[in-house]
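Per-entry structural report
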Amino acid sequence: MQYPNDDEAKSKSNVRIALFLGGLAIFFFLTSFLLFKDGIPGPG
Amino acid sequence: MSTTADHEAHHHGPPSGIGRWLFSTNHKDIGTMYLIFALVMLFIGGASAMYIRAELFLPGIQFLEPDFYNNMVTNHALIMVFGVVMPAAAGLANWMIPLMIGAPDMALPRLNNLSFWLLPAAGTMLILSTIIPFLPGGGTAINTGWTLYPPLSVQTGMAMDFAIFTLHILGISSILASINIVVTIFNMRAPGMTLMKMPIFVWAWLFTALLLIMVAPILAGGVTMLLFDRHFGTSFFDAAGGGDPVLFQHIFWFFGHPEVYVLLLPSIGVIGVVIPTFARKPLFGYKSLVGGMFILFTMGMMAWAHHQYTVGMAAGPTTWFMIITILISIPVGLILLNFMMTMWRGSMTFETPMLFSIAIVLMFSFAGVTGLMLAVVPADLEYHDSMFVVAHFHYALIPGALFGLYAAVFYWLPKWTGHMYDEKLGKLFFWWTTIGFNLTFFPQHFYGLAGMPRRIVDYNPAFADLNMLSSIGGFIFGLSHLLFLYIIVKTVKGGVAAGDKPWEGAQVGTPGLEWTVSSPPPFHSFETPPVVK
């Protein structure tokens, strides 16, 4: 039976792609803060 | 790595008791939980819609505080978008993608469990956000609408913090589920199942998942800033401190517009498999449909500010957003043309999933036409924030997203349960819901154009007759869902055996491998990888 975790190479490859996509998501999250290139606006 | 003993345990079928569901790593069980969650939320979100239509049945304030009305408007949108359509589509993805591509399960089954179980937590927080304003010191209800625009969202009571954390949790759930889906599609296909042999539903979900990975974090960033402005003394969106409230609108819609495609694409994928089945013809222009979805995916990320024409952007960007929005009608038209050409000279029959698919093509086209009207800047300045916009996006999202999900449920219910649903009741549900939907939203075009604003608890008595018609339609539409629930329960409990291939036309074109397994499929499908020739 070929469960996803049975094949070590495939399992590692799955995790690698997932980490890349997770990194992409974090990059997009941080990008929204990079809009403030002059620093975060303080109290009004 | 799994041990031999683990494998033996797997052979014994599903675990018993609550543990089967709490600790499930089985894509079918998790898919079922997603679908049940979406169904429960459909009734909660639907109840808020019923409240809205009951309130608008007559001019004047009928029931509760205007703030509560605004809260219901907000909750209805948040629940329907994040609690119904997205989880239901994720449920379909969980159930069908591994079966279609011949994978034994999702690529990351434990992550799959986490993605689902974040949802009930988020749903509970959202419901709590409605209750909190009624408690001592609870502050005001969330009265911003789903867009959560500051400065109002900064001034709202603590219920807003619950909504913000709800969005964070939902965002994490969506991103994790999307990562899992992309990895499954790229890495878990059966030998011979090349990308261009995949059923169109799988392609549609690939684009959906990639979109979500890119835009859900942007919303998370925006609401995090909102949280900081509320509690930590920053002024991201406060002009007095050097921030800009319009920036939130840009951040929100950079997420919000692609989100529309996140809701639409899975349903496009569904009708991409349903129409060839009941027209008994291969999908017309498979490659062009994949290309059309890719163009939609790309252009969908460039058109966000057409939601904000009235904020006073410069002429250059305004023109850009107008042109891009109008150009989006080209890939959408291409996709609809593919579906119509698939039906052309097909040997068509009109089972419930096909009826929903045809209704989608017709009614979504109508939303496309009103969408073009709204894309034109000078016209939009007139239509903005009117009931015309409400009519437009309900014509886009109810046929475009919800009807696609209904088509999917009727199409795959025999596969999931092993029983055929009652076709007569299915057709009755189709006509009941379609008539109710049109009666609700078609009149809104007219009183919207005549000047009735959206998100308002009271209105000019001149609009009373059409509003009453809308409300009657709304109640008819809402009630039809009790029949939907009955059909599902009846089919799960029993009925005529469906057989492995309940639809004779499902084998044309680029069929998925779901038809090669039994109905219902075994707890562990594809124990040996199938080979696609």
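Check the entry above for the structure.
Just so you know, these numbers come straight off a predicted model, no measurement behind them.

Conventions used here
- Residues numbered from 1 in each chain as written.
- Chains lettered and ligands numbered in written order.
- Predicted model: local features only at pLDDT ≥ 70, side-chain atom pairs only at ≥ 80, totals over all residues.
- Heavy atoms only, no water.
- Helix = DSSP H or I, 4+ residues; strand = E, 2+ residues; numbered from the N terminus.
- Rg over C-alpha atoms; globule rule 2.2 N^0.38 Å.
- Buried < 20%, exposed > 50% of the residue type's maximum accessible area, 1.4 Å probe, protein only.
- Contact = heavy atoms within 4.5 Å.
- Areas by Shrake-Rupley, 256 points an atom, 1.4 Å probe, with all protein chains shown as cover.
- Lys, Arg positive; Asp, Glu negative; His and termini not counted.
- Charge placed at Lys NZ, Arg CZ, Asp CG, Glu CD.
- 1 Å grid on protein atoms, 1.4 Å probe; cavity = no way out; pocket = protein on both sides within 12 Å on 5 of 7 lines; lining within 4 Å.
- Points joined across faces, edges and corners; volume = space filled by probe spheres on them.
- Nonpolar A, V, L, I, M, F, W, Y, C, P; charged D, E, K, R; others polar.
- Phe/Tyr/Trp six-rings, centres within 6.5 Å; stacked < 30°, edge-to-face > 60°.
- Salt bridge = Lys/Arg side-chain N within 4 Å of Asp/Glu carboxyl O.

**A look at the overall build of chain B**
- Scanning chain B for helices and strands turns up 17 helices and 0 strands.
- In terms of overall size, chain B behaves like a compact globule, its C-alpha atoms giving a radius of gyration of 23 Å where 533 residues would be expected to give roughly 24 Å.
- Viewed in the frame of its principal axes, chain B has a C-alpha envelope of about 65 × 55 × 45 Å.
- When burial is assessed residue by residue, chain B has 60% of its 533 residues classed as buried.
- Residue pairs at least 24 apart in sequence account for 81% of intrachain contacts in chain B once pairs closer than 6 positions are excluded.
- Approximately 19,600 Å² of chain B is accessible, and the part contributed by carbon and sulfur atoms is 72%.
- Considering chain B, the positive charge centre built from 20 side chains and the negative charge centre built from 24 side chains are found 16 Å apart.

**A closer look at the layout of surface pockets**
All names here are of chain B.
- Its volume calculated, the second largest pocket comes out at about 680 Å³.
- Lining the second largest pocket are 31 residues; nearest its centre among them are T32, L35, I36, L413 and W416.
- Counting residues per element, the lining of the second largest pocket draws most heavily on helix α3 (residues 27–55), at 8 residues.
- Here the residues of the lining of the second largest pocket sort into 25 nonpolar, 3 polar and 3 charged.

**Regarding the packing of aromatic side chains**
Residue and element names in this part refer to chain B.
- Under the definition given, this model contains 55 aromatic pairs over all chains.
- Residues Y383 and F388 carry aromatic rings whose centres are separated by 4.9 Å and whose planes lie at 45° to one another, so their mutual orientation is tilted.
- Its relative accessible area of 2% is what places F388 among the buried residues.

**Considering the pattern of salt bridges**
All names here are of chain B.
- Within this structure, the stated rule accounts for 5 salt bridges over all chains.
- Taking the shortest distance from any N to any O, the salt bridge between D29 and R20 comes out at 2.7 Å.
- Taking the relative accessible area as the measure of exposure, D29 reaches 4% and is therefore buried.
- By relative accessible area, which is 22% here, R20 ends up partly exposed.
- Across the salt bridge formed by R280 and E504, the nearest N and O atoms sit 3.1 Å from each other. Of this pair, R280 sits in the loop between α9 (245–279) and α10 (286–299) while E504 sits in the segment after α17 (464–493), and the two are 224 residues apart along the sequence.
- You can call R280 partly exposed: its relative accessible area is 24%.

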